[in-house]
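Understanding the architecture of this molecule
One-letter residues, chain by chain:
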Amino acid sequence: RRWRHTQSPSRPHFDCAPNVAVGQKGIVAPPGVTLHPIEGEAFKIKKTKIRGEVSRGMICAEDEIGLGTEHDGIIVLDTDAEIGADANKYFDISRDTIFDIGLTPNRIDAASHLGVARDLIAVFAHREVAIDLKRPSVEAFHVDNHDLNIEVVVEDKAACPRYSGLTMTGLKVEASPKWLQNKLQAIGLSPINNVVDITNFVLHETGQPLHAFDAEKIDGRKVLIKMLDEGTPFKTLDEVDRKLSKDDLMICNVNQGMCIAGVFGGGDSGVTEASASIFLESAYFDPKTIRKTAKRHELNTDASFRFERGADPNITVYALKRAAMLLKEIAGGSISSEIVDIYPKKIEDAQVKFKIGRASRRDSG
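Being a predicted model, the structure only gives us computed values, none of them experimental.

Conventions and cut-offs
Residues numbered from 1 in each chain as written. Predicted model: local features only at pLDDT ≥ 70, side-chain atom pairs only at ≥ 80, totals over all residues. Heavy atoms only, no water. Helix = DSSP H or I, 4+ residues; strand = E, 2+ residues; numbered from the N terminus. Buried < 20%, exposed > 50% of the residue type's maximum accessible area, 1.4 Å probe, protein only. Contact = heavy atoms within 4.5 Å. Areas by Shrake-Rupley, 256 points an atom, 1.4 Å probe, with all protein chains shown as cover. Lys, Arg positive; Asp, Glu negative; His and termini not counted. Charge placed at Lys NZ, Arg CZ, Asp CG, Glu CD. Pairing = 2+ DSSP bridges. Expected span 1.5 Å × (residues − 1). Polar contact = N/O pair within 3.5 Å; in protein donor to acceptor, adjacent residues only side chain to side chain. Axes fitted to C-alpha atoms, helices over the stretch in contact; angles between N-to-C directions. Left-handed = near helix turned anticlockwise from the far one by under 90°. Salt bridge = Lys/Arg side-chain N within 4 Å of Asp/Glu carboxyl O.

**As for the overall build of the protein chain**
Along the backbone of the protein chain there are 8 helices and 20 strands. Principal-axis analysis of the C-alpha atoms places the extent of the protein chain at approximately 70 × 65 × 45 Å. Split into buried and exposed, the 365 residues of the protein chain put 42% on the buried side. Expressed as a percentage of contacts within the protein chain between residues at least 6 apart in sequence, the contacts between residues at least 24 apart total 70%. Per element, the accessible surface of the protein chain, about 20,900 Å² overall, is 49% carbon and sulfur. Mean positive and mean negative side-chain charge positions of the protein chain (48 and 53 charges, respectively) differ by 7 Å.

**A closer look at the pairing of strand β16 (residues 257–260)**
As paired elements, strand β15 (residues 249–252) and β16 share 3 bridges and run antiparallel to each other. Bridging across to β16, Cys-252 finds its partner in Gly-257. Between the antiparallel neighbours β15 and β16 lie 4 residues. Sheet analysis places β16 next to strand β17 (residues 264–265), joined by 2 bridges and oriented antiparallel. From the neighbouring strand, Ile-260 faces β17, where its bridge partner is Phe-264. Where β16 hands over to β17, the hairpin turn is made up of 3 residues, of which Gly-262 adopts a positive phi near 70 degrees.

**What about helix α4 (residues 194–206)?**
Its 13 residues place the ends of α4 18 Å apart at the C-alpha level, agreeing with the 18 Å of an ideal helix rising 1.5 Å per residue. Counting buried positions along α4 yields 12 of 13 residues, so the element is predominantly enclosed. For α4, the set of buried residues is Asn-194, Val-195, Asp-197, Ile-198, Thr-199, Asn-200, Phe-201, Val-202, Leu-203, His-204, Glu-205 and Thr-206. At its buried positions, α4 is contacted by α2 (113–126), α3 (178–186), β11 (210–214), β18 (278–284), α6 (302–307) and α7 (316–331). Regarding α4, its N-cap is Asn-193, as a side-chain oxygen of that residue lies 3.1 Å from the backbone nitrogen of Val-195 further along. Note on α4: the residue one or two positions beyond its end, Gly-207, has a positive phi of about 90 degrees.

**Some remarks on the packing of α4 against α7**
Running from amino to carboxyl end, α4 crosses α7 at an angle of 140 degrees, the nearest separation of the two axes being 10 Å. Crossing hand, α4 versus α7: right-handed. Facing α4, whose interface residues are Asn-194, Val-195, Ile-198, Phe-201, Val-202, Glu-205 and Thr-206, α7 presents Tyr-318, Ala-319, Arg-322, Ala-323, Leu-326, Leu-327, Ile-330 and Ala-331.

**Some remarks on the pattern of salt bridges**
What the rule picks out here adds up to 13 salt bridges. The partner of Arg-107 in a salt bridge is Asp-109, with the nearest N and O atoms 2.8 Å apart. Ionic pairing is found between Asp-248 and Arg-296, a salt bridge with its closest N-O pair at 2.4 Å. Linking Asp-248 in the loop between β14 (241–243) and β15 with Arg-296 in helix α5 (residues 287–296), this pair joins segments that are 48 residues apart in sequence. Given a relative accessible area of 0%, Asp-248 falls into the buried group. Take Arg-296: its relative accessible area is 37%, and that puts it in the partly exposed class. Through salt bridges with shared partners, a single network forms among Arg-107, Asp-109 and Asp-119.

Here it is in structure tokens:
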């Protein structure tokens with residue numbers, strides 16, 4: 001029998017994959033390779049002994065190399081797979097360079113690719129190297145028709161100072177193209193479908209969380225941003241039935257809640273392969289409100305991580321246009337409404353006060 005060994009920093013253990021057979025071809029991680037599984041911490045393969053036999057590597061399952069969630073058996077390759085070839089060549093995965101930065105809680109402005117680019121530009125400017133920040137252009141954005149208009153009402157403007165959205169019709173929800181899947185997998189995300197993947201892509205690119213609702217599930221064709229009664233039941237995307245607090249901000253239709261604002265979507269309003277039209281949300285929520293809700297329900301999502309630390313309130317429309325244009329390119333369809341942008345009181349850009357004299361004294365000391 002052939003054995004594979006699975007290691008973790010806390011507890012090594014050994015098991016026999018149930019689908020291992022003589023003559024198979026699979027993915028082998030030799031000693032010295034660091035694996036980054038779907039769940040848990042990264043771990044390094046080491047030469048070891050298993051039941052008296054020397055183990056010079058590990059035959060891998062999907063989840064152990066970040067390709068999927070399957071862990072019941074090893075990956076079995078086609079018989080014509082090239083022996084000794086890199087796994088990325090076999091699976092047609094592009095090589096990339098990943099920069100892992102140490103992000104402190106006060107630097108949520110750097111929790112995106114554009115945010116990190118801004119910091120790099122500042123460093124180069126200090127070294128008298130002129131570099132411009134070039135965001136993907138949204139100048140070609142335009143509304144195709146007005147076939148799907150959805151009214152938006154913000155009832156709690158303190159908890160939701162800005163809310164932007166638009167509709168799209170004629171979409172084909174399916175697996176994302178390989179390039180998009182590769183981009184997401186490179187930063188540890190699992191591809192879901194082209195609509196959800198694009199919202200995640202734009203989130204990490206710009207720092208602005210987005211959410212897509214199946215427009216057919218928006219009863220009354222009206223979106224209401226408000227609090228619901230204490231104890232209102234709500235099932236989230238993870239199929240957990242939760243009891244809402246009267247202080248939880250919700251995105252609702254005329255009959256029920258659809259999403260815990262800025263934290264987690266609902267199980268009944270999300271986009272599926274059957275969806276053909278969507279309402280795309282790009283908003284700014286009060287950090288304190290989101291922080292308390294996320295803690296109350298023990299939910300830590302990419303969206304809540306940014307909202308509770310203070311996202312950029314003045315980027316919502318740009319991110320909305322960026323996502324809509326990508327959706328047209330990848331999922332087809334049309335932009336079928338004007339952009340709704342409820343922003344009654346503009347939030348001015350943050351200013352950092354800096355005393356040159358104090359900095360000079362520290363530098364000379």
